[in-house]
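# Inside the fold
Residues per chain, in single letters:
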4 protein chains.
Amino acid sequence: MSNLAAIYKRRVEFAETDMAGQVHFSNFFRYMEEAEHAIWRKSGMRIAAEGREHQWPRISAHCDFKNRLKVDDEFEVRTEIAKVSPRTIQWGHTLMRGDTLIASGTVTAVCVKQQPDGSIKAVEIPKEILERLRSALA
Amino acid sequence: MSNLAAIYKRRVEFAETDMAGQVHFSNFFRYMEEAEHAIWRKSGMRIAAEGREHQWPRISAHCDFKNRLKVDDEFEVRTEIAKVSPRTIQWGHTLMRGDTLIASGTVTAVCVKQQPDGSIKAVEIPKEILERLRSALA
Amino acid sequence: MSNLAAIYKRRVEFAETDMAGQVHFSNFFRYMEEAEHAIWRKSGMRIAAEGREHQWPRISAHCDFKNRLKVDDEFEVRTEIAKVSPRTIQWGHTLMRGDTLIASGTVTAVCVKQQPDGSIKAVEIPKEILERLRSALA
Amino acid sequence: MSNLAAIYKRRVEFAETDMAGQVHFSNFFRYMEEAEHAIWRKSGMRIAAEGREHQWPRISAHCDFKNRLKVDDEFEVRTEIAKVSPRTIQWGHTLMRGDTLIASGTVTAVCVKQQPDGSIKAVEIPKEILERLRSALA
């Protein structure tokens, strides 16, 4: 029901383009990840801090590409929480350059905890983490 | 009905890993693209040659991540043509490390032709191109 | 004699790290390029615009790595024109995280112009370009 | 005095190109690193294995770019040990496409050992490691 979202602003760098003169499609997934990590920081948490209790490996990613991004283009990623299950968060991302839809996609991450033997195990997302993430989507 | 496929072999390079000690998920899309391009070469065509008549921008990409890839891991990408429409090809990719499923995904490309005014326009895939690609999936 | 320089601010993104838990050394060259391109923009020019008269391929790059950069680190690149020859500019870059020296390096670019036959040829740097770049190093 | 060297063969992938239609210069450093790591594997050692005693952070990198590499180009990296000091190895790399010199560069790595408190400290390179690396340069 919610349309809470965060906006992440970015400019296309030269090294992100390919010989077709546009951003290589794999970099769109990096842009989406950057936008998500900005939300973690805004929430006062760090998704990738050393010694952190939980990790969030990605289990699925999808993107539909609608228009090209070119060098120096300024664009924004609008990110929301698209779906939550007890152990996963699906982030929904929309990339816009001005009023032009560039791409939309989702990245699903699972909450895991390192076990004493070094392996990782999926665990329930702590309520507090979810609340803090939501509060960062003003 | 077909299970024609091509196999592309690869090793994980150090620069493809991230601080979580595994291949960054965005690189899986590069692996899938490399596997597709190997099929173009095997078919005697080059997808990205200068002066080529058609280009193949990606319109959609998806990947489910099942297991981690680590540095020096040898793996293979098994690629088939998952779906064809008059103007698009959906490539299906399965990444395996030995008997372990690492990831499976699809990348959909649309056949476009540059117009006299420099813009691009989706066009029907020439029959011959499709036949040659299929013949490269032994 | 000049200590004119521009400051480019950046944060380390997750995908820029490697399994050693720090920014992969090849990405330092991308940071230096980003800083240089920011100067081009600030000068009112675009180094990589379509239809531009001159191009600036790199002929040499060097970097000394003094300290690690880690995910989420905020740092800045201080960029100056280290040396100019009739056809080349050597950019000098210093990366700092607060008061900590992270790396210092140079990237040398040559001014080339596309010839009627499609080949490129090194040419003298137009005076006006150099003046505009210098004026962007406030 | 030695001209012992190892040859690493590679093809340019699409995602390694930039909008100028050639390999982005930062990727040359990745090619050189790949060539070095191939030597470690050939020597029966793994530079980046988990639980390894020594690590080899890069302290300096340099490259002179002589000719462009384009998509699908096949090239090789010829790697030798250019210089050794008690704690560092300088790798020398030459990239060739057939008889055409593409680039030459060096990457210097220092041998470090993790200390009980988690910090790292430069240490003398074990003689045996050096001998094994040299024996891999047939």
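Residues numbered from 1 in each chain as written. Chains lettered and ligands numbered in written order. Predicted model: local features only at pLDDT ≥ 70, side-chain atom pairs only at ≥ 80, totals over all residues. Heavy atoms only, no water.

### Some remarks on the relation of the copies chain B and chain D
Superposition of chain B onto chain D requires a rotation of 180° combined with a translation of 0.0 Å along the rotation axis, giving an RMSD of 0.0 Å. The transformation just described matches what one would write down for a two-fold rotation axis. Within chain B, the C-alpha atom positioned nearest to the axis of rotation is that of Arg10 of chain B, 5.7 Å from it. In this assembly the copies share their binding face: 100% of the residues contributing to the interface of chain B also contribute to that of chain D. (Least-squares fit on C-alpha atoms with pLDDT ≥ 70 in both. Contact = heavy atoms within 4.5 Å.)

### Considering the relation of the copies chain B and chain A
Turning chain B through 180° and shifting it by 0.0 Å along the axis lays it on chain A, with an RMSD of 0.0 Å. The share of interface residues of chain B whose copies in chain A are also at the interface is 100%, consistent with both copies meeting through the same surface.

### Looking at the sheet that holds strand β2 (residues 54-55) of chain B
Residue and element names in this part refer to chain B. The sheet built from 3 strands is open, its strands ordered β2-β7-β8 with antiparallel pairing. In this open sheet, the two edge strands, each paired with only one partner strand, are β2 and β8 (120-122). Bridging between strand β7 (residues 112-114) and β8 involves 3 bridges; their strand directions are antiparallel. Each bridged residue has a counterpart across the sheet, and for Lys113 the counterpart in β8 is Lys121. (Pairing = 2+ DSSP bridges. Helix = DSSP H or I, 4+ residues; strand = E, 2+ residues; numbered from the N terminus.)

### What to know about the pattern of salt bridges
Any two side chains of opposite charge can pair if their charged atoms end up close together. All names here are of chain A. Tallying each qualifying case throughout the model produces 48 salt bridges over all chains. The partner of Arg10 in a salt bridge is Glu34, with the nearest N and O atoms 2.8 Å apart. Of this pair, Arg10 sits in strand β1 (residues 6-11) while Glu34 sits in helix α1 (residues 25-42); the two residues are 24 residues apart in sequence, bridging distant segments of the chain. Just as Arg10 is buried, Glu34 falls in that class too. Here Lys113 and Glu53 are joined by a salt bridge, their closest N and O atoms 2.9 Å apart. Of the two residues, Lys113 sits in strand β7 (residues 112-114) while Glu53 sits in the loop between α1 and β2 (54-55), which places them 60 residues apart along the sequence. (Salt bridge = Lys/Arg side-chain N within 4 Å of Asp/Glu carboxyl O. Buried < 20%, exposed > 50% of the residue type's maximum accessible area, 1.4 Å probe, protein only.)

### Observations concerning the pairing of strand β6 (residues 100-110) of chain A
Regular strands show a simple pattern: their side chains alternate between the two faces of the sheet. Residues and elements named next belong to chain A. Looking at chain direction, strand β3 (residues 58-65) and β6 are connected through 7 bridges and run antiparallel. Following the sheet pairing, His62 is matched in β6 by Thr106. Pairing analysis gives 10 bridges linking strand β5 (residues 88-97) to β6, with the strands arranged antiparallel. Within the sheet, the bridge partner assigned to Trp91 lies in β6 and is Val107. Hairpin connection of β5 to β6: 2 residues between the antiparallel strands, including Gly98 at a positive phi of 60°.

### Some remarks on the interface of chain B and chain A
Reports of interface size often rely on the accessible area that becomes lost once the parts have come together. Contacts between the two partners involve 17 residues from chain B, matched on the other side by 17 residues from chain A. Interface area, chain B with chain A, both sides summed: about 1,900 Å², of which 55% is carbon and sulfur. When the area that chain B buries against chain A is broken down by residue, the three leading residues are Phe25, Arg30 and Phe65 of chain B, summing to 26%. Our count for the contact surface shared by chain B and chain A stands at 0 salt bridges. Taken together, chain B and chain A are joined by 15 residue pairs in polar contact (both at pLDDT 80 or more). Counting residues per element, the ones that place at least two in the side of chain B that touches chain A are α1 (25-42) and β3 (58-65) of chain B. Here the element with the most residues in the side of chain B that touches chain A is β3 of chain B; it accounts for 8 residues. (Buried area = accessible area lost by both parts, 1.4 Å probe. Polar contact = N/O pair within 3.5 Å; in protein donor to acceptor, adjacent residues only side chain to side chain.)

### A word on the sheet that holds strand β1 (residues 6-11) of chain B
Spatial strand order, β1(A)-β4(A)-β5(A)-β6(A)-β3(A)-β3(B)-β6(B)-β5(B)-β4(B)-β1(B): 10 strands in an open sheet with antiparallel pairing. Each edge of the open sheet is held by one strand with a lone partner, namely β1 of chain A together with β1 of chain B. Each adjacent strand pair in this sheet contributes to an overall mean axis angle of 20°, direction not counted. Taken together, the 5 bridges between β3 of chain A and β3 of chain B define a ladder with antiparallel strand orientation. The residue of β3 of chain B that forms the bridge with Ser60 of chain A is Asp64 of chain B. (Axes fitted to C-alpha atoms, helices over the stretch in contact; angles between N-to-C directions.)

### Digging into the packing of aromatic side chains
Following the criterion strictly, the structure yields 26 aromatic pairs over all chains and no others. A ring pair is formed by Phe28 of chain C and Phe65 of chain C, whose centres lie 5.3 Å apart and whose planes are at 80°; its orientation type is edge-to-face. A residue pair is termed long-range when its members are at least 10 positions apart, and Phe28 of chain C in helix α1 (residues 25-42) and Phe65 of chain C in strand β3 (residues 58-65) qualify at 37 residues. Among the aromatic residues, those joined into a ring-pair cluster are Phe25, Phe28, Phe29, Tyr31, Phe65 and Phe75 of chain A together with Phe25, Phe28, Phe29, Tyr31, Phe65 and Phe75 of chain B. (Phe/Tyr/Trp six-rings, centres within 6.5 Å; stacked < 30°, edge-to-face > 60°.)

### Section: the interface of chain B and chain D
Counting residues at the interface gives 16 residues for chain B, matched by 16 residues for chain D. Summing the contributions of chain B and of chain D, the shared interface buries around 1,600 Å²; its carbon and sulfur component is 44%. Of all residues in chain B, the largest losses of buried area upon contact with chain D belong to Glu13, Phe14 and Arg41 of chain B, amounting jointly to 31% of the total for that side. At the boundary of chain B and chain D, one finds 4 salt bridges. Measuring nitrogen to oxygen at the nearest pair gives 3.2 Å for the salt bridge that ties Arg41 of chain D to Asp72 of chain B. Put simply, chain B and chain D have 8 residue pairs in polar contact (both at pLDDT 80 or more) between them. For the side of chain B that touches chain D, the secondary structure elements donating two or more residues are β1 and α1 of chain B. Grouping the constituent residues of the side of chain B that touches chain D by class yields 5 nonpolar, 1 polar and 10 charged. (Nonpolar A, V, L, I, M, F, W, Y, C, P; charged D, E, K, R; others polar.)

### Here we look at helix α2 (residues 127-135) of chain C
Residues and elements named next belong to chain C. Taken residue by residue, α2 has Ile129, Leu130 and Leu133 as its buried positions. Buried residues along α2 cover an arc of 95° about the axis, so they all sit on one side. Relative to its buried face, α2 has exposed residues pointing more than 90 degrees away, namely Lys127 and Ser135. (Arc of directions from axis to C-beta.)

### Here's the deal with unusual backbone geometry
Although it is not a glycine, Asp72 of chain A sits at a positive phi angle of roughly 75°. Relative to the elements of secondary structure, Asp72 of chain A occurs in the loop between β3 and β4 (74-84).

### Some thoughts on α1 of chain A
The α-helix advances 3.6 residues per turn, and as a result positions three or four apart in sequence lie on the same side. Residue and element names in this part refer to chain A. Between the first and last C-alpha of α1 there are 27 Å, a value that for 18 residues agrees with the 26 Å anticipated at 1.5 Å per step. Across the 18 residues that make up α1, a large majority, 16, are buried. Looking at the residues trailing α1, positive phi occurs at Gly44, about 85°. (Expected span 1.5 Å × (residues − 1).)

Keep in mind these values describe shape, not function.
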